[in-house]
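# Results of the structural survey
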Amino acid sequence: MHEATVARNIIEVIESEISIANCKKIYSVKLRIGELSGIYPESLEYYFYELSKNTILENAKLYFEKAPIKVKCTACSAEFEIQNLDYDCPNCKSSQYHIIGGDELEIINMEVE
Ligand SMILES: [Zn+2]
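An account of the accompanying structure is given in this report. All figures in this text were calculated on a predicted structure; none of them were measured in a lab. (Residues numbered from 1 in each chain as written. Predicted model: local features only at pLDDT ≥ 70, side-chain atom pairs only at ≥ 80, totals over all residues.)

### Focus on the sheet that holds strand E4 (residues 79–81)
Taken in spatial order, the three strands line up as E4-E3-E5 in an open sheet, and their pairing is antiparallel. Two strands close off the open sheet at either side, each with one partner strand: E4 and strand E5 (97–101). The mean inter-strand angle of the sheet, taken between neighbouring strand axes irrespective of direction, is 35°. Sheet topology note: the strand E3 (residues 70–73)/E4 ladder contains three bridges and is antiparallel. (Pairing = 2+ DSSP bridges. Helix = DSSP H or I, 4+ residues; strand = E, 2+ residues; numbered from the N terminus. Axes fitted to C-alpha atoms, helices over the stretch in contact; angles between N-to-C directions.)

Okay, structure coming up:
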């Protein structure tokens, strides 16, 4: 049910922004979702459609962009993205790192009237 909360938050954020911009209809919303966010796009889409009924977002299409996991090597401070679950630093081959990105959920853009 995590996605239901997330969908509701997205709708609330957009509605508050839109009332300032004074637009009538939203056609699409593009979201950036980190691989570590634990959000399933299909599930989020479902709740978004259900919860946006009778709002300015009704029938708006959701688009998703995946954000990769980003880490910083603790040995050499190199920052890199994780690909194919390979966590070794490409610079010094260390496997010590901390995560600096990949859990984000952001609204990137919207198509409005
Ligand atoms: Zn390194």
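### A few points about the pairing of E3
The alternating pattern of E3 places Val71 and Cys73 on a buried face and Lys70 and Lys72 on a face that is not buried. Two successive antiparallel strands, E3 and E4, enclose a turn made up of five residues, where serine 77 displays a positive phi of approximately 70°. Inspection of the sheet shows E3 paired to E5 by four bridges, in the antiparallel sense. Of the residues in E5, the one forming a bridge with lysine 72 is histidine 98. (Buried ≥ 20, exposed ≤ 12 C-beta atoms within 10 Å, placed from the backbone.)

### Quick notes on helix H1 (residues 2–21)
Its 20 residues give H1 an end-to-end C-alpha distance of 29 Å, which sits within 8% of 28 Å, the value for a rise of 1.5 Å per residue. All buried positions along H1 are accounted for by Val6, Ala7, Ile10 and Ile14. Each buried residue of H1 sits inside an arc of 100° when the element is viewed along its axis, so together they form one side. Of the exposed residues in H1, those oriented more than 90 degrees away from the buried face are Thr5, Asn9, Glu12, Ser16, Ser19 and Ile20. Buried residues along H1 sit in contact with strand E1 (26–34), helix H2 (41–51) and strand E6 (105–112). Of the residues trailing H1, asparagine 22 is marked for its positive phi of about 60°. (Expected span 1.5 Å × (residues − 1). Arc of directions from axis to C-beta. Contact = placed C-beta atoms within 7 Å.)

### Some points on the sheet that holds E1
Sheet architecture is open: three strands sit in the order E2-E1-E6, paired in mixed fashion. What marks the edges here is a single partner per strand, and that holds for strand E2 (61–67) and E6. Averaged over all adjacent pairs, the angle separating strand axes in this sheet is 20°, with direction ignored. Sheet topology note: the E1/E6 ladder contains seven bridges and is antiparallel. Looking at E6, one finds that arginine 32 is bridged to glutamate 106. Sitting on the sheet, H1 is in contact with E1 and E6, with an inclination near 50° to E6.

### A word on unusual backbone geometry
Backbone geometry at serine 77 places phi at a positive 70°, although glycine is not the residue there. Non-glycine residue leucine 85 carries a positive phi angle of around 55°. Mapped onto the secondary structure, leucine 85 falls in the loop between E4 and E5. The exposure class of leucine 85 is exposed, given the 6 C-beta atoms found within 10 Å.

Everything listed here is a matter of coordinates, which is why it stays silent on function.
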